[in-house]
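Examination of the molecular architecture
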Amino acid sequence: MMKGNKIPAKLLLAGEFTVLTGGEALGIPFPKFFGQWAYGKTVDERLENLFQYLASKKIDFLDIESFLKDINSGLLFESNIPEGYGLGGSGALSAAVLQEYGLNATSDIKLIQQQLAMIESCFHGTSSGFDPLISYFQRGCLVQNKNTRLLPETNPVYEKLVTNLYLIDSNSERINTSPIQWFYEQINSLPFQTKIEELNGINSLFIRNVLEVDQPDMSPLFQKISSLQFELFQPLIVPTMRKIWEAGLEQGTYFCKLCGKGSGGFYYVWLNGADSEILHQDFPDLSFISIR
């Protein structure tokens, strides 16, 4: 028996790490990957651990008694969202929990984001709530001036943007070290701070252009983001991707960037006027997924 709606994965299109320093970020739902409630014959250990965490925090905005009852009845979250690939699997689960077991429904986006952050903190220690917010509303979300707002449900700009955008599978699950912890260690360096500020500015311009009705050519900005990220985030780019990334910058036919935290999983590749067949020809051992 199925229970509930499909909860989509998310894609962070811009703002990886720079959002941690107050920069802008843009994310959209990615329904090609999703999760939904179902019932099985055994207790789902992951959900049981989540319940215990929520109960220990004495969270009052969830009906955790009903959650436990359903877990003991075989509730599970069936998902095709790959773990550690930058698509927000834990965010989708957190969104599903709030949708199904939330009390005192509210339209206050800030409050909903805080509630989602509290749920997702079970998986990451801390959470901004941004990823699960995208999955919860199944809408694009924008972080600007440290505030989050929803974007229109239908936006033709997305279709124009994603025409050239693909995910590339690095065939590597995310490494165990914390990318966010690494970032906070690096930000103490003045040269690193300066480059991050530069990247922040380019990200902001990229986001503004994405949201323009008459969207300009995004390739030059994507190239700049790719080049800066390659310089700044080497430890978060797995060896397989470093060669591909560097070749794209040298040839100018495509540009890569992080998808989420990096360190494995998916990465983005942006085609600069080239046909998608170039990806299959140059990298036959790797798989690509269109964002469309």
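Residues numbered from 1 in each chain as written. Predicted model: local features only at pLDDT ≥ 70, side-chain atom pairs only at ≥ 80, totals over all residues. Heavy atoms only, no water.

Helix length check: helix α3 (residues 89-101) (13 residues) gives 18 Å between terminal C-alpha atoms against 18 Å at 1.5 Å per residue, within 8%. Across the 13 residues that make up α3, a large majority, 11, are buried. By the burial criterion, the buried members of α3 are G89, S90, G91, A92, L93, S94, A95, A96, V97, L98 and Y101. (Helix = DSSP H or I, 4+ residues; strand = E, 2+ residues; numbered from the N terminus. Expected span 1.5 Å × (residues − 1). Buried < 20%, exposed > 50% of the residue type's maximum accessible area, 1.4 Å probe, protein only.)

Turning to the packing of helix α9 (residues 219-232) against helix α10 (residues 239-251), a few remarks are in order. Running from N to C, α9 and α10 point in directions that differ by 135°, and their axes come no closer than 11 Å. Regarding the angle of α9 to α10, the classification is oblique. Taken as a pair, α9 and α10 cross one another with a handedness that is left-handed. Contact residues: Q223, S226, S227, Q229 and F230 in α9; R242, W245, E246 and L249 in α10. Residue composition of the contact of α9 with α10, by class: three nonpolar, four polar and two charged. (Axes fitted to C-alpha atoms, helices over the stretch in contact; angles between N-to-C directions. Parallel < 35°, antiparallel > 145°, perpendicular 65-115°, else oblique. Left-handed = near helix turned anticlockwise from the far one by under 90°. Contact = heavy atoms within 4.5 Å. Nonpolar A, V, L, I, M, F, W, Y, C, P; charged D, E, K, R; others polar.)

It is worth spelling out the pattern of salt bridges at this point. Under the counting rule described, the total for this entry stands at five salt bridges. Residue D131 pairs with K10 through a salt bridge whose shortest N-O separation is 3.5 Å. Residue D131 is found in helix α5 (residues 130-137), and its partner K10 is found in strand β1 (residues 2-14); the two are separated by 121 residues along the sequence. Here E231 and K195 are joined by a salt bridge, their closest N and O atoms 3.7 Å apart. Taken together, the residues E231 in helix α9 and K195 in helix α8 (residues 190-210) connect sequence positions 36 residues apart. Given the relative accessible area of 26%, K195 is considered partly exposed. A single salt-bridge network, built from bridges that share partners, covers K195, E198 and E231. (Salt bridge = Lys/Arg side-chain N within 4 Å of Asp/Glu carboxyl O.)

Further remarks concern the environment of V143. With respect to the helices and strands, the residue V143 is situated in strand β4 (residues 141-144). Looking at V143, the relative accessible area reads 9%, which means it is buried. Residues V143 and E24 lie 119 residues apart in sequence; the distance between their C-alpha atoms is 5.1 Å. Not counting chain neighbours up to four residues away, the residues in contact with V143 comprise V19, G23, E24, A25, F130 and T148.

The periodicity of an α-helix, 3.6 residues per turn, causes residues three or four positions apart to be oriented the same way. For helix α1 (residues 45-56), with 12 residues, the first-to-last C-alpha span of 16 Å sits near the 16 Å given by 1.5 Å per residue. Burial in α1 covers these residues: L47, L50, F51, Y53 and L54. Seen from one end, α1 has its buried residues packed into an arc of 165°, which puts them on one side. What points out from α1, more than 90 degrees from its buried face, is the exposed set E45 and S56. Looking at the buried residues of α1, the elements they touch are β2 (25-39), α2 (64-72), β3 (75-79), α3 and α4 (109-124). One side-chain oxygen at the N-terminal end of α1 lies 2.9 Å from the backbone nitrogen of R46; it belongs to D44. Immediately beyond the C-terminal end of α1, within one or two residues, lies K58, with a positive phi of roughly 55°. (Arc of directions from axis to C-beta. Polar contact = N/O pair within 3.5 Å; in protein donor to acceptor, adjacent residues only side chain to side chain.)

Further remarks concern the sheet that holds strand β7 (residues 254-258). Ordered by their spatial adjacency, four strands build an open sheet running β7-β8-β6-β9, and the pairing between neighbours is antiparallel. Lying at the two open borders of the sheet, with one neighbouring strand each, are β7 and β9 (288-290). This sheet shows a mean twist of 30° between the axes of neighbouring strands, independent of strand direction. Examined bridge by bridge, strand β6 (residues 165-169) and β9 share three bridges and lie antiparallel to one another. (Pairing = 2+ DSSP bridges.)

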